[in-house]
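As a plain string of letters, each chain reads:
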Amino acid sequence: QVQLVESGGGLVQPGGSLRLSCAASGFTFSSYAMNWYRQAPGKEREWVATITSAGGRLGYADSVKGRFIISRDNAKRTVYLQMNSLKPEDTAVYYCNVVGRDYWGRGTQVTVSS
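Residues numbered from 1 in each chain as written. Predicted model: local features only at pLDDT ≥ 70, side-chain atom pairs only at ≥ 80, totals over all residues. Heavy atoms only, no water.

(A) Highlighting the state of the cysteines. This structure, assessed with the given rule, holds one disulfide. A sulfur-sulfur distance of 1.9 Å marks the disulfide that ties Cys22 to Cys96. Here the disulfide of Cys22 and Cys96 is right-handed, its torsion about the S-S bond being about 50°. Here Cys96 lies in strand S9 (residues 92-98) and Cys22 lies in strand S3 (residues 18-25), a separation of 74 residues in the sequence. On the accessibility criterion, Cys96 (0% relative accessible area) is buried. (Disulfide = S-S within 2.5 Å. Helix = DSSP H or I, 4+ residues; strand = E, 2+ residues; numbered from the N terminus. Buried < 20%, exposed > 50% of the residue type's maximum accessible area, 1.4 Å probe, protein only.)

Dropping the structure here:
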């Protein structure tokens, strides 16, 4: 059974940082690229970043490029999202996802507010 469990969200002031984690189980993690998505209140889910199975190629939405860093540790079966220089518009529930598969976690809430 595939499980994705996101953690690391919280309340942070503008300009602050957070590191999200997504622990994966139930599939061969090291064989799949992974995504981070987010969904703000009243908006559609938005793609944030992608990392290939070996972590060698990365992609970012323009809205987070230069501020967010996606990484993974295949030994720990975990994908990370380091979020820096956070803005109020980054407020959303953040989800990890297996590329090409309809597998989603429950998400972790990130709120950027003073």
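After presenting the structure, the write-up continues.
(B) Region of interest: the pattern of salt bridges. For the coordinates displayed, the defined rule picks out four salt bridges. Across the pair Glu46 and Arg38 runs a salt bridge whose closest N-O atoms are separated by 2.8 Å. By relative accessible area, Arg38 is classed as buried at 5%. Residue Arg38 pairs with Asp90 through a salt bridge whose shortest N-O separation is 2.9 Å. Of this pair, Arg38 sits in strand S4 (residues 34-39) while Asp90 sits in the loop between strand S8 (78-83) and S9; the two residues are 52 residues apart in sequence, bridging distant segments of the chain. For the residue pair Arg38 and Asp90, the accessibility class agrees, reading buried in each case. The structure contains a network of salt bridges with shared partners spanning Arg38, Glu46, Arg67 and Asp90. (Salt bridge = Lys/Arg side-chain N within 4 Å of Asp/Glu carboxyl O.)

(C) How the structure looks around the sheet that holds strand S5 (residues 46-51). Taken in spatial order, the six strands line up as S2-S10-S9-S4-S5-S6 in an open sheet, and their pairing is mixed. Pairing within the sheet leaves two strands with one partner each, and these edge strands are strand S2 (10-12) and strand S6 (58-60). Across the sheet, the mean angle separating the axes of adjacent strands is 25° when strand polarity is ignored. (Pairing = 2+ DSSP bridges. Axes fitted to C-alpha atoms, helices over the stretch in contact; angles between N-to-C directions.)

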